[in-house]
Structures are given as structure tokens and as C-alpha cells.
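What the coordinates show
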Amino acid sequence: MQIKEAAMYLNTTPKAIRFYETKGLITPRKDEGNQYRYFSESDLYRLSTILALREIGVAVQDIKTILEDPNLSIRQYLDIQRSALFEQWLEMRDMIETIDEMLEQNWKNDSIEAIHQLAAHLKNMKEIRGKWQDRWDFNEQAKDYDNHIKREGHVFNVHEGYDEGLQAVVEKVKLGSCSVVADIGIGTGNLGAKFLPNHKVIGVDQSEKMLEKCKEKHPTIETRNGHFLALPLLDQSVDAIVSSYALHHLPDEEKLLALKEMKRVLKPNGQIGIVDLMFQDEIHRKNVLNQFRKAGNQIAVDSIEDEYYANQSLLVEWLKQNGYKVEAIQINRILGLIYAYS
Ligand SMILES: C[S@@+](CC[C@H](N)C(=O)[O-])C[C@H]1O[C@@H](n2cnc3c(N)ncnc32)[C@H](O)[C@@H]1O
């Protein structure tokens, strides 16, 4: 097929096709004599992929990287792209909300302070969303994660009560058939899988390797690259959010933003079931740390201080203020469950 036909077939222009050629994205065979380009079936397939990726906002240079990287499937790339777009979308929403609030101030002299505060709040939100980093290297942990869930015989067993905790979430979160359940920080899928096969389970995680492992173990779970602070889910699209041993990788102020995100994606009457490392409140935290110190268990103290075990009371208070009824249970000295429903 020559360039004009190819352009017509793909609903684009010869100029656009020549542009992608100059960028090295496509190299059709050229007739040595008249220099006409000939597009094979695989050229057309490649061109339609390029056009589709451009349509969803992928930069030309990134398209080149995807097409040339044998380790990155287009599916994986699209997943990452969706996650990035959700982040941008949420940032835009924050900006629009801030503009609305600023306009309400009418820009009078006495409202300047309030306007500055709104701008500062917006800046803070952007920074919080952008600064989280995986300092635990979950991609590296993925392949042996299930074997490393230490159950017994360790100086400090961070997974003490793991099975009991996951089961407690399943017993609390009761759903009608064919509900949609999102497991955030799904890891290898141990909690989400408990909702199969009666429900649709979407597993969200920032670690590509964890998602691969999850998919390998539970092919029917839909995996999505994404972050607690910008869930790759549309508003009011899921019946329940569950999460196990994941939220404690976020500092407390980020945990509240994560709850706000959960509320955004939950349908009215949605439920939240979180089991995680947490203390009832600051006093409980101090007492447990003191017990470990007295017992000479520095490993436990260091391990707790290296992460962000939640202050259960702060999360419960936020949920109540936002219209949820809440049950909170301390399963053992470091593990807690929060169940919220409306
Ligand atoms: C300790 S694993 C727990 C995995 C699984 N939920 C379980 O109970 O076995 C923590 C998981 O949370 C994910 N995670 C941590 N912080 C996250 C964040 N901010 N956004 C999305 N996923 C996160 C990690 O990538 C990892 O897969």
C-alpha cells in the first residue's frame, strides 16, 4: 500500500505518516527507483499503534521507547500511562476546586490572606502527591514475598496474625454478588483473592513486579498500576475498598489523603476494610515500644520506627467526620482492623 492509501486506511494524513518516519518510529520499504514508500501489513499495524498512543497523549519519544523495549509490553505501558493521567486529572481537579474557593473570596483586600492559604494548601497537596517513594523496593521483594511472610520463630514477627487479619476483613466486608472490590497495595494478591470468584477484583499497586506476581497467581484479578494518593479508578466505581499491610508505607498526613481517595472512588454505601500495622493511639504506640525496649528487642523497635504504623484513632476520626460508621479492632499489639461503612 502506498502512503496516500495508508493514510486513508488509517484515517490520518500522509504528512503525519512522514513525520513519524522522520522520528524513526516507522521505516517503510522504499522503491529504489521512484522512492515511493510501500507499507506492509506490519507497517500498518505499527502505524495504527502509534496513532492510538498519540491519541491518548503519549509523547513521540515515549512511543519510540515502548516500541523498541522488548521488556515492556504495550499493555504494561498503557497501565502506567493510565496511572499518570489519573494523577494529572486529580491535580487538575484540585486546581479547579481551589479556583472555585478563591472566587468565593471575591478578591477583596481582606480576603488576600485566605487566598494565599488556599494557594499554599494546593501547593502542599501537589508536593504530597509527588514526593512518595518506594524505599522498600517492592519490585525486588515481589518474587519471594509470599515465602517471606514470616509466621513464627523470629525475634520480631511483623506478620503475626497475618491470616487472621486478612480473614477478619473478609468477614466484615459483606457484599452482594458480582460486586466490585478494589484491593489497594494488593502485592501478590492474598487479600483480594479471597473475594474471588463471586466478585470482580481490581488490584492496585505501585509495584509492577508485585502486579505481575499477583496476575500469575490469580489471572482473574484485574491489576492496575497506581498509587494510594491517585487511585486509577473513576469516581464512585467500586463497592468496597480493602487493603492489607500496605497503608503503613505512607506517613499519617498522606494516609488521610488516601482515605479521601477511597471515598472518591467508592459508590454511595461503599465499604472500607483495612487491616494493617497500627496502634490505637499515641499512648498505645509508646507503651508497645517501651515493652520491646524493656525486653531488649531493638530489632522490633527499629522495624516499627522505620515505617509509619498508623494511629488508628486519627483514621477513625477522619472516617466519622466524613460520614462513615466505623468499627475498629486491635487484633494484636501491632495489628489493627478498621471497617467503615455508610
Ligand atoms: C507489605 S506488602 C502487602 C501486600 C499485600 N497487601 C499483603 O497483605 O500481603 C505492601 C504492598 O503495598 C504496596 N504499596 C506500598 N505503598 C504503596 C502506595 N503508596 N501506593 C500503592 N501501593 C503501595 C507495595 O508495592 C506492596 O505491594
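All figures in this text were calculated on a predicted structure; none of them were measured in a lab.

Among the structural elements, P14 can be located in helix α2 (residues 14-22). Take P14: its relative accessible area is 24%, and that puts it in the partly exposed class. For P14 and K4, which are ten residues apart along the polypeptide, the C-alpha to C-alpha distance reads 5.9 Å. Leaving out residues up to four positions away in the same chain, P14 has contacts with I3, K4 and A7.

Residue P197 is bonded to the preceding L196 through a cis peptide linkage, with omega at -5°. Although it is not a glycine, Q35 sits at a positive phi angle of roughly 65°. With respect to the helices, strands and loops of the structure, Q35 is situated in the loop between β1 (29-30) and β2 (37-38). You will see that D137, though not glycine, has its phi angle at about 50°, which is positive. Tracing the sequence through the fold places D137 in the loop between α6 (112-131) and α7 (138-141). What makes D137 partly exposed here is its relative accessible area of 40%.

Assigned domains of the protein chain: these are domain 1 (3-68), domain 2 (75-131) and domain 3 (138-341). Contacts between the two partners involve 15 residues from domain 2, matched on the other side by 21 residues from domain 3. Counting each side, the surface lost to burial between domain 2 and domain 3 is near 1,500 Å², with a carbon and sulfur contribution of 52%. Seen at the junction of domain 2 and domain 3, the total is two salt bridges.

What follows concerns the UniProt feature "domain: HTH merR-type" (unreviewed entry) in the protein chain. This chain's UniProt record puts "domain: HTH merR-type" (unreviewed entry) on residues 1-69. Along residues 1-69 one finds 58% helix and 6% strand; the C-alpha atoms at either end are 27 Å apart.

With that settled, consider α2. An α-helical turn contains 3.6 residues, so a residue and the one three or four places further along point in the same direction. Within the span of α2, buried status applies to I17, Y20 and E21. Each buried residue of α2 sits inside an arc of 105° when the element is viewed along its axis, so together they form one side. For α2, exposure combined with an orientation more than 90 degrees from the buried face picks out K15 and T22. As for α2, its buried residues are in contact with α1 (3-9), β1, β2, α3 (41-55) and α4 (60-68).

Looking now at the nonpolar core. Membership of the largest hydrophobic core comes to 76 residues, with the highest contact counts inside it found for I241 and L319. Counting residues per element, this core draws most heavily on strand β7 (residues 266-279), at seven residues. Setting aside residues up to four positions removed in sequence, L319 forms contacts with L259, I272, Y324, V326, I338 and A340. The next biggest cluster of nonpolar side chains, apart from the first, holds 19 residues, and it includes A7, L25, L44 and I63.

What follows deals with the packing of aromatic side chains. Following the criterion strictly, the structure yields eight aromatic pairs and no others. Relative to F138, the ring of W136 lies with its centre 6.2 Å away and its plane at 35°, an arrangement referred to as tilted. The exposure class of W136 is buried, given its relative accessible area of 12%. Seen from their ring centres, Y162 and Y245 are 5.1 Å apart, and the 45° between their planes marks the pair as tilted.

Oppositely charged side chains may form a pair once their charged atoms are brought near each other. Applying the stated rule across the entire model yields 21 salt bridges. Taking the shortest distance from any N to any O, the salt bridge between K30 and E21 comes out at 3.6 Å. For R135, the salt bridge identified is with D306, shortest N-O distance 3.1 Å. Separated by 171 residues along the polypeptide, R135 in the loop between α6 and α7 and D306 in helix α13 (residues 298-306) bring together distant segments of the chain.

In the vicinity of the ligand there are 20 residues, among which Y145, Y162, D205, Q206 and S244 approach most closely. Separating an oxygen atom of the ligand from a side-chain N or O atom of Y145 is a distance of 2.8 Å. Measuring from an oxygen atom of the ligand, one finds a side-chain N or O atom of Q206 at 2.7 Å. Coverage of the ligand by the protein amounts to 98% of the 590 Å² it exposes when considered alone. For the shell around the ligand, the residue count by class is ten nonpolar, nine polar and one charged.

Now for the pairing of strand β4 (residues 200-205). The element β4 is extensively covered by neighbouring structure, given that five of its six residues are classed as buried. When strand β3 (residues 180-184) meets β4, the two strands line up parallel, connected through five bridges. Residue pairing across strands places V181 opposite V201, the latter belonging to β4. Relative to strand β5 (residues 222-225), β4 runs parallel, the two sharing four bridges. Within β5, the residue paired with G203 across the bridge is T223. Following the backbone out of β4, through helix α10 (residues 208-217) and into the adjacent parallel β5, one traces a crossover that is right-handed.

A word on the side chain of S207. Residue placement: S207 occurs in the loop between β4 and α10. A polar side-chain atom of S207 sits 3.0 Å from the main-chain amide nitrogen of M210. Leaving out residues up to four positions away in the same chain, S207 has contacts with F138 and N139.

Rules of the game
Residues numbered from 1 in each chain as written. Predicted model: local features only at pLDDT ≥ 70, side-chain atom pairs only at ≥ 80, totals over all residues. Heavy atoms only, no water. Helix = DSSP H or I, 4+ residues; strand = E, 2+ residues; numbered from the N terminus. Buried < 20%, exposed > 50% of the residue type's maximum accessible area, 1.4 Å probe, protein only. Contact = heavy atoms within 4.5 Å. Domains from an automatic or database assignment. Buried area = accessible area lost by both parts, 1.4 Å probe. Salt bridge = Lys/Arg side-chain N within 4 Å of Asp/Glu carboxyl O. UniProt positions renumbered as here; feature names shortened; annotations may be inferred. Arc of directions from axis to C-beta. Core = buried A, V, L, I, M, F, W, Y, C linked by side-chain atoms within 4.5 Å. Phe/Tyr/Trp six-rings, centres within 6.5 Å; stacked < 30°, edge-to-face > 60°. Near = heavy atom within 4 Å. Polar contact = N/O pair within 3.5 Å; in protein donor to acceptor, adjacent residues only side chain to side chain. Areas by Shrake-Rupley, 256 points an atom, 1.4 Å probe, with all protein chains shown as cover. Nonpolar A, V, L, I, M, F, W, Y, C, P; charged D, E, K, R; others polar. Pairing = 2+ DSSP bridges. Right-handed = clockwise from strand over helix to strand, strands pointing away.

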